[in-house]
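Chain and residue survey
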Amino acid sequence: MTEPQSDKSTHTGGCQCGAVRYRIAGALEYPHLCHCRMCQKAAGNYFMPLGFAPGKTLTITRGERGWFQSSDPVRRGFCRDCGTPLFFDTLQSDGMAVTLGSLDDPAAFPPVSQDGIETRVPFHASLGSLPGQTVNRDDLPGGLESIASTNRQHPDHDTAVWPVEGKP
(Lines give C-alpha, C1' and ligand atoms only; values in the text may rest on other atoms or scores of the structure.)
Protein backbone atom coordinates (compact mmCIF):
# COMPACT_ATOMS: atom_id res chain seq x y z
CA MET A 1 0.00 0.00 0.00
CA THR A 2 1.37 3.43 -0.92
CA GLU A 3 1.48 6.27 1.58
CA PRO A 4 -0.57 9.37 0.77
CA GLN A 5 1.55 12.14 -0.76
CA SER A 6 0.94 14.46 2.20
CA ASP A 7 2.68 11.93 4.49
CA LYS A 8 5.87 12.22 2.43
CA SER A 9 5.85 15.99 2.10
CA THR A 10 7.33 18.73 4.19
CA HIS A 11 5.31 21.71 5.37
CA THR A 12 6.77 24.98 6.59
CA GLY A 13 5.46 27.93 8.50
CA GLY A 14 6.34 30.74 10.80
CA CYS A 15 5.40 34.04 12.32
CA GLN A 16 4.56 37.27 10.56
CA CYS A 17 7.99 38.88 11.02
CA GLY A 18 10.05 35.77 10.22
CA ALA A 19 11.86 35.58 13.57
CA VAL A 20 10.43 32.07 14.19
CA ARG A 21 10.22 29.48 11.40
CA TYR A 22 9.36 25.78 11.59
CA ARG A 23 9.20 22.66 9.42
CA ILE A 24 6.92 19.63 9.71
CA ALA A 25 7.94 16.32 8.15
CA GLY A 26 4.73 14.67 6.96
CA ALA A 27 1.10 15.47 7.45
CA LEU A 28 -0.59 17.19 10.35
CA GLU A 29 -3.17 15.13 12.18
CA TYR A 30 -6.67 16.27 13.10
CA PRO A 31 -6.80 19.75 11.59
CA HIS A 32 -9.68 21.44 13.39
CA LEU A 33 -11.17 24.69 14.62
CA CYS A 34 -11.23 25.15 18.37
CA HIS A 35 -13.94 27.49 19.65
CA CYS A 36 -13.13 27.24 23.38
CA ARG A 37 -12.75 30.54 25.23
CA MET A 38 -9.04 29.95 25.88
CA CYS A 39 -8.36 29.53 22.16
CA GLN A 40 -10.56 32.52 21.32
CA LYS A 41 -8.52 34.67 23.70
CA ALA A 42 -5.16 33.24 22.56
CA ALA A 43 -6.01 33.88 18.90
CA GLY A 44 -7.80 37.17 19.48
CA ASN A 45 -10.40 35.70 17.16
CA TYR A 46 -13.63 33.67 17.10
CA PHE A 47 -11.70 30.37 16.94
CA MET A 48 -8.19 28.94 16.65
CA PRO A 49 -7.38 26.60 13.73
CA LEU A 50 -4.98 23.86 14.89
CA GLY A 51 -3.37 20.70 13.54
CA PHE A 52 -1.25 18.18 15.43
CA ALA A 53 2.34 17.42 14.44
CA PRO A 54 2.99 13.95 15.96
CA GLY A 55 6.21 12.83 17.61
CA LYS A 56 9.30 14.68 16.54
CA THR A 57 7.98 15.78 13.13
CA LEU A 58 8.09 19.47 14.11
CA THR A 59 11.46 21.22 13.95
CA ILE A 60 12.16 24.86 14.73
CA THR A 61 14.39 26.11 11.90
CA ARG A 62 14.85 29.70 13.05
CA GLY A 63 14.48 31.67 16.24
CA GLU A 64 13.20 30.87 19.68
CA ARG A 65 9.58 30.57 20.72
CA GLY A 66 8.10 32.44 23.61
CA TRP A 67 5.79 30.44 25.88
CA PHE A 68 2.69 31.25 27.88
CA GLN A 69 1.48 28.58 30.33
CA SER A 70 -2.28 28.97 29.74
CA SER A 71 -3.18 26.12 32.12
CA ASP A 72 -1.35 23.42 34.06
CA PRO A 73 -1.37 20.91 31.18
CA VAL A 74 -1.05 23.38 28.25
CA ARG A 75 1.37 26.02 27.10
CA ARG A 76 1.08 28.19 24.00
CA GLY A 77 4.03 29.16 21.83
CA PHE A 78 4.31 32.48 20.04
CA CYS A 79 6.83 34.82 18.43
CA ARG A 80 8.30 37.16 21.01
CA ASP A 81 8.92 39.81 18.35
CA CYS A 82 5.59 40.09 16.51
CA GLY A 83 3.24 38.11 18.79
CA THR A 84 2.02 35.60 16.20
CA PRO A 85 0.39 32.56 17.91
CA LEU A 86 2.22 29.48 16.60
CA PHE A 87 1.93 26.41 18.87
CA PHE A 88 -0.40 24.65 21.28
CA ASP A 89 1.55 22.21 23.44
CA THR A 90 -0.27 19.73 25.66
CA LEU A 91 2.69 18.88 27.86
CA GLN A 92 1.99 15.16 28.30
CA SER A 93 1.40 14.53 24.56
CA ASP A 94 3.90 13.16 22.07
CA GLY A 95 3.96 16.04 19.59
CA MET A 96 2.60 19.56 19.33
CA ALA A 97 -0.20 21.38 17.54
CA VAL A 98 0.53 24.29 15.21
CA THR A 99 -1.78 27.13 14.24
CA LEU A 100 -2.95 26.36 10.70
CA GLY A 101 -2.85 30.05 9.77
CA SER A 102 0.90 30.15 10.45
CA LEU A 103 1.58 27.53 7.76
CA ASP A 104 3.04 28.92 4.54
CA ASP A 105 0.18 27.09 2.82
CA PRO A 106 -2.73 27.38 5.27
CA ALA A 107 -5.07 25.62 2.81
CA ALA A 108 -2.97 22.41 2.92
CA PHE A 109 -4.95 21.02 5.85
CA PRO A 110 -8.66 21.86 5.72
CA PRO A 111 -10.37 21.43 9.11
CA VAL A 112 -12.13 18.11 9.67
CA SER A 113 -13.90 19.06 12.91
CA GLN A 114 -14.91 21.87 15.25
CA ASP A 115 -14.17 21.54 18.96
CA GLY A 116 -15.54 23.57 21.85
CA ILE A 117 -18.79 24.27 20.04
CA GLU A 118 -20.48 25.11 23.35
CA THR A 119 -18.67 28.47 23.23
CA ARG A 120 -18.77 28.98 19.46
CA VAL A 121 -20.02 32.49 18.67
CA PRO A 122 -23.71 32.28 17.75
CA PHE A 123 -23.26 33.90 14.32
CA HIS A 124 -20.44 31.58 13.19
CA ALA A 125 -22.67 29.54 10.86
CA SER A 126 -23.75 32.67 8.97
CA LEU A 127 -20.23 33.99 8.28
CA GLY A 128 -20.06 32.26 4.89
CA SER A 129 -23.15 34.12 3.70
CA LEU A 130 -21.70 37.58 4.38
CA PRO A 131 -20.91 39.66 1.28
CA GLY A 132 -17.24 39.54 0.29
CA GLN A 133 -14.83 41.93 -1.32
CA THR A 134 -11.18 42.00 -2.29
CA VAL A 135 -8.66 43.87 -0.16
CA ASN A 136 -9.21 47.58 -0.58
CA ARG A 137 -7.44 50.13 1.63
CA ASP A 138 -8.39 53.33 -0.16
CA ASP A 139 -8.90 54.76 3.35
CA LEU A 140 -5.09 54.94 3.69
CA PRO A 141 -3.03 57.65 2.03
CA GLY A 142 -1.53 55.85 -0.96
CA GLY A 143 -3.97 52.90 -0.65
CA LEU A 144 -2.61 49.37 -1.01
CA GLU A 145 0.68 50.65 -2.43
CA SER A 146 1.44 52.37 0.90
CA ILE A 147 1.13 48.97 2.62
CA ALA A 148 3.12 47.17 -0.07
CA SER A 149 5.97 49.67 0.06
CA THR A 150 6.26 49.44 3.87
CA ASN A 151 5.45 45.72 4.27
CA ARG A 152 7.45 44.42 7.25
CA GLN A 153 6.50 40.78 6.81
CA HIS A 154 9.48 38.51 6.33
CA PRO A 155 10.14 37.41 2.73
CA ASP A 156 10.51 33.71 3.70
CA HIS A 157 6.86 33.38 2.85
CA ASP A 158 4.52 35.43 0.70
CA THR A 159 1.71 36.80 2.81
CA ALA A 160 0.76 39.67 0.52
CA VAL A 161 -2.72 39.46 -0.97
CA TRP A 162 -1.97 41.86 -3.78
CA PRO A 163 0.74 41.90 -6.44
CA VAL A 164 3.78 43.76 -5.20
CA GLU A 165 6.14 44.91 -7.95
CA GLY A 166 9.80 44.23 -7.11
CA LYS A 167 9.03 42.50 -3.79
CA PRO A 168 9.89 38.84 -3.08
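We now turn to the structure provided with this report. Computed from a predicted model, the values in this text were never measured in an experiment.

**Brief notes about the environment of Glu 118**
Checked against the element boundaries, Glu 118 lands in the loop between β10 (113-115) and α3 (143-149). The exposure class of Glu 118 is exposed, given its relative accessible area of 67%. For the pair Glu 118 and Arg 37, spaced 81 residues apart in the sequence, the C-alpha separation amounts to 9.6 Å.

**Some details on the pairing of strand β8 (residues 85-90)**
Direction of pairing for strand β7 (residues 74-79) relative to β8: antiparallel, over a ladder of five bridges. By the bridge assignment, Phe 78 is partnered in β8 with Pro 85. Where β7 hands over to β8, the hairpin turn is made up of five residues, of which Gly 83 adopts a positive phi near 85°. Pairing between β8 and strand β9 (residues 95-99): two bridges, direction antiparallel. Bridged to Phe 88 within β9 is Ala 97. Where β8 hands over to β9, the hairpin turn is made up of four residues, counted between the paired strands.

**A look at the sheet that holds strand β1 (residues 10-14)**
A sheet is described by the order of its strands in space; here three strands give the open sequence β1-β2-β5, paired in antiparallel fashion. The two strands at the open ends of the sheet, each matched to only one other strand, are β1 and β5 (58-62). Across the sheet, the mean angle separating the axes of adjacent strands is 25° when strand polarity is ignored. Relative to β5, strand β2 (residues 21-25) runs antiparallel, the two sharing four bridges. Bridge pairing in β5 links Ile 24 to Leu 58.

**With respect to the nonpolar core**
Judged by nonpolar contacts, the single largest core of 16 residues is most densely connected at Tyr 22, Ile 24, Leu 28 and Leu 58. Put simply, the parts of the chain that give this core at least two residues each are β2, β8 and β9. Leu 58 has contacts with Tyr 22, Arg 23, Ile 24, Ala 53, Phe 87, Met 96 and Val 98, leaving out every residue within four places of it along the chain. Residues Cys 34, Met 48, Leu 50 and Ala 97 belong to the second largest nonpolar core, which totals seven residues.

**Concerning the packing of aromatic side chains**
Going through the model one piece at a time under the given rule, you end up with two aromatic pairs. Aromatic pair Tyr 22 and Phe 87: ring centres 5.4 Å apart, planes at 65°, arrangement edge-to-face. Within this pair, whereas Tyr 22 is found in strand β2, its partner Phe 87 is found in strand β8, the two being separated by 65 residues in sequence. Residue Tyr 22 is classed as buried on the basis of its relative accessible area of 1%. Pairing Tyr 46 with Phe 123 gives two aromatic rings, centres 5.1 Å apart and planes at 85°, and the pair type is edge-to-face. Placement of Tyr 46 in the loop between α2 (37-43) and β4 (48-54) and of Phe 123 in the loop between β10 and α3 is noted, with a sequence separation of 77 residues between them. Note on Phe 123: relative accessible area 36%, which makes it partly exposed. A cation over an aromatic ring shows up here: Arg 65 above the ring of Phe 87, its NZ or CZ 5.5 Å from the ring centre. Taking the ring centre of Trp 67 as reference, the NZ or CZ of Arg 75 above it sits at 3.6 Å.

Rules used throughout
Residues numbered from 1 in each chain as written. Predicted model: local features only at pLDDT ≥ 70, side-chain atom pairs only at ≥ 80, totals over all residues. Heavy atoms only, no water. Helix = DSSP H or I, 4+ residues; strand = E, 2+ residues; numbered from the N terminus. Buried < 20%, exposed > 50% of the residue type's maximum accessible area, 1.4 Å probe, protein only. Pairing = 2+ DSSP bridges. Axes fitted to C-alpha atoms, helices over the stretch in contact; angles between N-to-C directions. Core = buried A, V, L, I, M, F, W, Y, C linked by side-chain atoms within 4.5 Å. Contact = heavy atoms within 4.5 Å. Phe/Tyr/Trp six-rings, centres within 6.5 Å; stacked < 30°, edge-to-face > 60°. Lys NZ or Arg CZ within 6 Å of the ring centre and 35° of its normal.

Everything listed is a geometric property; what it means functionally is a separate question.
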